[in-house]
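Structural features, examined
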Amino acid sequence: METEFDGAAIATAAPASDYPPISSYALIGDCRTSALVSRDGSIDWLCLPHFSGPSVFAALLDRRRGGHFSIRPATPYQVERAYIDDTPILRTRFRTETGVLALTDLMPIPPHDHTADMLQPQREILRCVEAIDGEVDVVVRYEPRPNYGRRRIQLRKRGACGWACADRSELYMLHGDVPLTATDNGTALHGRVRLRRGEKRYFSLTYTKSDIGIMMPLAAEADTRLRDTQRFWEDWASKCTYRGPHRSAVIRSMLTLKLLTYQLSGAVVAAATTSLPEWIGGERNWDYRYCWLRDASLTLGAMVDLGFHLEGSAFLAWLLHATRLSQPTLRVLYDVYGETHLYEEPLDHFEGYRRSRPVRIGNGAQSQLQLDAYGSVVLAAFDYVEHGGRLDSVEQRLLRRIGEMVCRCWRQPDHGIWEIRGAARHYTYSKLMCWVALDRLLRLQTHGHLQLPVERFASERDAIRDAIETRGFSQTLGAYSAAFDESIPDASLLLMARYGFKPGTDERIRATFDCVERTLSRGDLVYRYPTEIDGIDGREGAFVIASFWAVDYLVRAGHARAADERFRRLLARANDVGLYGEEIDPANGETLGNFPQAFSHVGVIAAANCLAVAASRGEY
Amino acid sequence: MNYIQLAMSALEAIIVWSFLGTVVLTTILYGSQGMGLSRLSLPFLIGTMFSGNRRNATALGAGFYLIGGFLFGCIYFLVMAHLGIANWWIGALLGGLHGLFLLAAVLPVLPHLHPRMATEYDGPSGERRLEPPGFLGLNYGYRTPLTTILGHAAYGAILGAGFARSITL
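Residues numbered from 1 in each chain as written. Chains lettered and ligands numbered in written order. Predicted model: local features only at pLDDT ≥ 70, side-chain atom pairs only at ≥ 80, totals over all residues. Heavy atoms only, no water.

This brings us to the overall build of chain B. Along chain B, the regular secondary structure elements total 6 helices and 0 strands. Each helix (α) and strand (β) of chain B, taken in turn from the N terminus, gives the series α-α-α-α-α-α. The C-alpha atoms of chain B give 17 Å as radius of gyration, which agrees with the globular expectation for 169 residues (15 Å, within 12%). Oriented by its inertia axes, the alpha-carbon framework of chain B measures out at about 50 × 30 × 25 Å. Per-residue burial over chain B gives 52% buried out of 169 residues. Sequence separation of at least 24 residues holds for 65% of the intrachain contacts in chain B that already meet a minimum separation of 6. Accessible area of chain B: about 8,100 Å², with a carbon and sulfur share of 72%. Side chains of chain B give 8 positive and 5 negative charges; the mean places of these two sets differ by 8 Å. (Helix = DSSP H or I, 4+ residues; strand = E, 2+ residues; numbered from the N terminus. Rg over C-alpha atoms; globule rule 2.2 N^0.38 Å. Buried < 20%, exposed > 50% of the residue type's maximum accessible area, 1.4 Å probe, protein only. Contact = heavy atoms within 4.5 Å. Areas by Shrake-Rupley, 256 points an atom, 1.4 Å probe, with all protein chains shown as cover. Lys, Arg positive; Asp, Glu negative; His and termini not counted. Charge placed at Lys NZ, Arg CZ, Asp CG, Glu CD.)

For the coordinates displayed, the defined rule picks out 46 salt bridges over all chains. Residues joined in a network through salt bridges with shared partners are Glu135(A), Asp137(A), Arg192(A), Arg194(A) and Arg196(A). (Salt bridge = Lys/Arg side-chain N within 4 Å of Asp/Glu carboxyl O.)

All names here are of chain A. Along the polypeptide, Ile-84 turns up in the loop between β6 (78–83) and β7 (90–95). Placed 379 residues apart in sequence, Ile-84 and Ala-463 show a C-alpha to C-alpha distance of 53 Å. Setting aside anything within four residues of it in sequence, one finds Ile-84 in contact with Ile-89, Arg-91, Thr-104 and Gln-230.

Across the contact, 28 residues belong to chain B and 22 residues belong to chain A. Both faces combined, the contact of chain B with chain A buries some 2,300 Å², and carbon together with sulfur accounts for 57% of it. Between Arg54(B) and Asp211(A) there is a salt bridge, with the nearest N and O atoms lying 2.9 Å from each other. Viewed at the interface, chain A and chain B are joined by 12 residue pairs in polar contact (both at pLDDT 80 or more). (Buried area = accessible area lost by both parts, 1.4 Å probe. Polar contact = N/O pair within 3.5 Å; in protein donor to acceptor, adjacent residues only side chain to side chain.)

Turning next to empty space enclosed by the protein. Residues and elements named next belong to chain A. The final tally for this structure, using the stated rule, is 3 cavities of 30 Å³ or more. Roughly 170 Å³ of volume is contained in the largest cavity. Along its surface, the largest cavity is lined by 18 residues, and Trp-286, Tyr-288, Trp-418, Glu-419 and Arg-528 are the ones closest to its centre. Taken together, the residues of the lining of the largest cavity break down into 9 nonpolar, 1 polar and 8 charged. If you add up the space inside the second largest cavity, you get close to 70 Å³. What lines the second largest cavity is Val-268, Val-269, Ala-270, Cys-291, Trp-292, Leu-293, Asp-295, Thr-299, Phe-315, Trp-318, Leu-319 and Ala-598. Listing elements by their share of the lining of the second largest cavity, those giving two or more residues are β18 (291–292) and α6 (309–322). Classifying every residue of the lining of the second largest cavity gives 10 nonpolar, 1 polar and 1 charged. (1 Å grid on protein atoms, 1.4 Å probe; cavity = no way out; pocket = protein on both sides within 12 Å on 5 of 7 lines; lining within 4 Å. Points joined across faces, edges and corners; volume = space filled by probe spheres on them. Nonpolar A, V, L, I, M, F, W, Y, C, P; charged D, E, K, R; others polar.)

With that settled, consider the packing of helix α4 (residues 54–83) of chain B against helix α5 (residues 88–113) of chain B. A pair of packed helices is characterised by two quantities: the angle between their axes and the separation of those axes. All names here are of chain B. Running from N to C, α4 and α5 point in directions that differ by 125 degrees, and their axes come no closer than 11 Å. With respect to their mutual orientation, α4 and α5 come out oblique. The hand of the α4/α5 crossing is right-handed. Between α4 and α5, the contacting residues are Phe-72, Tyr-76, Val-79, Met-80 and Leu-83 on the first element and Ile-90, Gly-91, Leu-94, Gly-95 and His-98 on the second. (Axes fitted to C-alpha atoms, helices over the stretch in contact; angles between N-to-C directions. Parallel < 35°, antiparallel > 145°, perpendicular 65-115°, else oblique. Left-handed = near helix turned anticlockwise from the far one by under 90°.)

Here's what the structure looks like:
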């Protein structure tokens, strides 16, 4: 498959069937960036130097122009794959008529003691391929397409050092022990090798920006990197304190959250990808490689609940410090360094996953007002303190200013948790989170962590509660509505009990759950809202985290057994390596939206924790 | 007075102007890195001869680079004394030749001398992981010869102009 990647040229569109299902991808990463590997052994998504950097492989969004790096058998095969134990090291096993091939993919993490005196590349992907039975012909194809395929590149052979692809100040070096040949136009490499039982080959792809390149050795040295990385992840996972049911799913979710955490700042990105569609062929295609403040409280709660206080502390520090430039106003989203100029731009030269256009980079939601972000940040700080953390004087001052901001702004309309474009509304969930912000700040004050104007905060908190009860409850629906004075069901309101607005057994809360079940649920899956309200053409799938919120609610309403059954059904909807995207099509179970999605895995952890508490109380 | 005595008598000027020249040279080279014109970092290359720790190598390299700037300042001074001319353009010419020599003669043999640099014959190994520079340092970007010669010419020009101003040859 020759690829034309000049942004100006038009290539023939790939047939939709060329695109593997979104659920066929597995995530590897090093807590700085991540890559998606298909069941066919192809790395179809990789951004460098970090999650929201430009892609070098993006076959996920354009089979012909995006670029990929594939290693697979030359003959037909069947695939099984799994992560190695509690690690994000992926092992894909190809079974052919002549033998069995194992492909191991990882992004190495050097041990601390080792890094002191050995040069390390800025990023590395290590791929090891081994015949474990019989003999197998292996084909390799390498097509780097830096900067979202917008650069014209030339691969150059550097003797025994491998192949270099330079793009301005960036260098991609591929070093392997399988001979590769450049295509006629010099923009791709291909190779073929026959491996017999026990024979192993390696590829190391290293990345360097604005510095002299570092290349990594293969063979025994590569095996050492694999072992070191495996040890790092197993040590890390062993710190998980969760002892409840479905532990392996919880660990996999926490590993996924960790992979989506940018180690250098503590930020957690919403997903590893951009523009995977929420409906095939639809236009709900957004860039999720940024950090949403609305996700903060549930994300931090998931971390500290599982005993990962270091990650929780780093995340809170990022939340409170990266947002400094805009404080006390909080933006909807930030990049991993706290940058807010994330202007949305379409990539017109990409055809999009199964021709779902446009492909977008940046995110237009950054200019919206979302009042729920304030409650989410305060709740994250509250959870952190509840688990033994301490707030310094700068953080205390910031929280107080957030409280004052909430008192001033909660009466304004906004765009809500679902970032619905168009006219602002008085979203009930946003008001709920404003109530949460003031309620938790007052509790922190009571426990001596903050000094606040108590009377004012308390009276505003009560005013918000009154407003929710009088204008947020729809008599038509018989339930709380998505927006004041309207009658729209909204799955985010399943969180009212979790946030302590009312107990799960309260009549109105129960009625809201029933309403969501009646109007938004399809079996165990829950849509977030009726799609016609957002003004965007087309449909979308059921929202994974909303489906887990229903489990959370059922436990709080005293239906732990039903919650556990529902949780098990939802766990069965993860892909073969335990990953969830943003949404699922209830009709066929297909994963939709960006993948994997941190928020969905936060939902797994939160629901599992709820069930664990119920189990420990003997409720089921 | 022989050349060594002459250099000793002008030590203060050599220190001052070679320091200034090195600062400008380093700024040009780091600026080129930052602007994506070249990935060459001479201090890092020098530092990694002594340490595999990136942080230590960068600090050590900067120290050795400063000392090297002074030693080359002495050589420039002696050459200009020998020629009996000191002005900015002779300095720039010497600097340009210096840069060219570095690119054409020193960098290509560096993989055989540098303990942490891979060679294109053997590839990377446990210790040898640094990308080799290739002819004229072109592996580090095709503008590397330009920025290296420009930086060294600026270094030489500052020394030449400084010597002309400070001392009488």
